[in-house]
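Residue-level structure breakdown
Residues per chain, in single letters:
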Amino acid sequence: MAQSVLSKYFSDTEARSLQTGYSNGEVVSAMLRIKRVEDSGNVPINIAVLGDGGAGKSTFINTMRGVRSGDHGAAPVGDYEASVNPVGYPYPSLPNVQLWDLPGSNSLSFEMSRYLKQVRFESYDFYIIVSQSRFRESDGELSRKIQQQGKGFYYIRSKIDNDAFSMQMQGTDFGEGQRQIRQDCLDNFHRVSVEPPPIFLISGLQVTEYDFPKLQSALASDLPKIKSTAFRLAIPRMMQEIQRPRRQMLMWCIALWAFLSGALGVLRLPALPLLTATLCTVSGWMYLRRQLGVSERELGTLSGAVAKPVSLLKTDMDRPSPRKLQQLVPKALSLVVIVAFTVVGFLGTFPPVLLIVCGAGSSLAFTWLVLMGSLDDRLRSVQNLAGALFDETVVGVYRSVAHSTA
């Protein structure tokens, strides 16, 4: 699977066109081109099938695809783990859907964090956890990780035919046995603080029996929502990749402003270094605002395209992210230290050489830190704005505007 989110939805030529257009100020056009891809329904979906080795993952994938274990292109079954890497298989019943056979979570002798990294856990759009006999500790860990991403999953109790045979031998009513199995699964999900997903009791060898038909029907029915959720969650990373060339160019500009601030910081006239550092920083901030600001006219175009008031779009842009709030305290403290160091350094109590070093270093650091923070904040605001276009409450009446700006 490609690591680039942008290449998942666009060809290389289209991706470069989006990056070039964004760098040239075509912000609205880039967003509406992304919106048209989501609306077209031509969104690839990667479904991870995971669980312990021997749970029946490969058999499940083959049965879903209508192939047998010995057929060409079938997933290998049995105790043999074909690869330490995930292997994808197309799902013919649903276009653009790939079922990924992941190595057993207990087969690589890895701790869970390393296993998740090995299988690129966060790169999938939806998950199917396959378990047999009982709810396992790894089932709880995997389900928590999925929930933390805001993505959905199904939980499958496989080899239910074995349970049915065991119940028959013990004289247990199968209907009551199924109810107990489902309740046990629900209790375990609540125990690990996970919202219970749809639960299916299946046999990988009997496609028309038990919950297998319900599972196939549910996946087909849920696919539009799965696509919508996956696309919405991909927007921040997609926008980051579109913004990357522009960000790199502006980082060079910030480096020049910071170098100029540091060069002027060697001057030892009273208060002049602090003044020049402030002027360089403010000038750079105004430059970034001109380069990355979204105009009222552009907001008006987007507002008409998605039937959402400009005031709400501005609110979406200014929405702080948890990461930004986490970084606010250390950034504020570092800025206080830098400013204090600049002021103290020019009170005339330091040796000349140390005075020059302190003035240049603190002025450069002050300008770089403030401008880089401003750059990332403005890029994040555009990411928030793009995400607002995929809000479930947005009315899809943008098509005519989208085509006119293409």
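Just above sits the structure.
Cut-off values and rules
Residues numbered from 1 in each chain as written. Predicted model: local features only at pLDDT ≥ 70, side-chain atom pairs only at ≥ 80, totals over all residues. Heavy atoms only, no water. Pairing = 2+ DSSP bridges. Helix = DSSP H or I, 4+ residues; strand = E, 2+ residues; numbered from the N terminus. Axes fitted to C-alpha atoms, helices over the stretch in contact; angles between N-to-C directions. Parallel < 35°, antiparallel > 145°, perpendicular 65-115°, else oblique. Contact = heavy atoms within 4.5 Å. Nonpolar A, V, L, I, M, F, W, Y, C, P; charged D, E, K, R; others polar. Phe/Tyr/Trp six-rings, centres within 6.5 Å; stacked < 30°, edge-to-face > 60°. Buried < 20%, exposed > 50% of the residue type's maximum accessible area, 1.4 Å probe, protein only.

**So, the pairing of strand β2 (residues 87-90)**
Taken together, the 4 bridges between β2 and strand β3 (residues 97-101) define a ladder with antiparallel strand orientation. Bridged to Gly88 within β3 is Trp100.

**Notes on the packing of helix α4 (residues 57-65) against helix α9 (residues 212-264)**
Relative to each other, α4 and α9 sit at 70 degrees, their axes nearing to 12 Å. It follows that α4 is roughly perpendicular to α9 by the angle criterion. On the side of α4, the interface is formed by Phe60, Thr63 and Met64, while α9 contributes Phe212, Leu215, Gln216 and Leu219. Residues that form the contact of α4 with α9 fall into these classes: 5 nonpolar, 2 polar and no charged.

**Notes on the environment of Asn62**
Inspection of the secondary structure assignment puts Asn62 in helix α4. Sequence separation between Asn62 and Tyr89 is 27 residues, and the spatial gap between their C-alpha atoms is 9.0 Å. If sequence neighbours within four positions are ignored, Asn62 has contacts with Val67, Ser69, Ala74, Ala75 and Val77.

**Quick notes on the packing of aromatic side chains**
Two measures describe an aromatic ring pair: the distance that separates the ring centres and the angle between the ring planes. The final tally for this structure, using the stated rule, is 11 aromatic pairs. On the numbers, 5.1 Å between centres and 90 degrees between planes, the contact of Tyr155 with Phe189 is edge-to-face. Here Phe189 lies in helix α8 (residues 174-191) and Tyr155 lies in strand β5 (residues 153-158), a separation of 34 residues in the sequence. With a relative accessible area of 0%, Tyr155 lands in the buried category. A residue is classified by how much of its surface remains accessible, and Phe189, at 0% relative accessible area, is buried. Aromatic ring contacts, followed pair by pair, group Trp100, Phe121, Tyr124 and Tyr127 into a single cluster.

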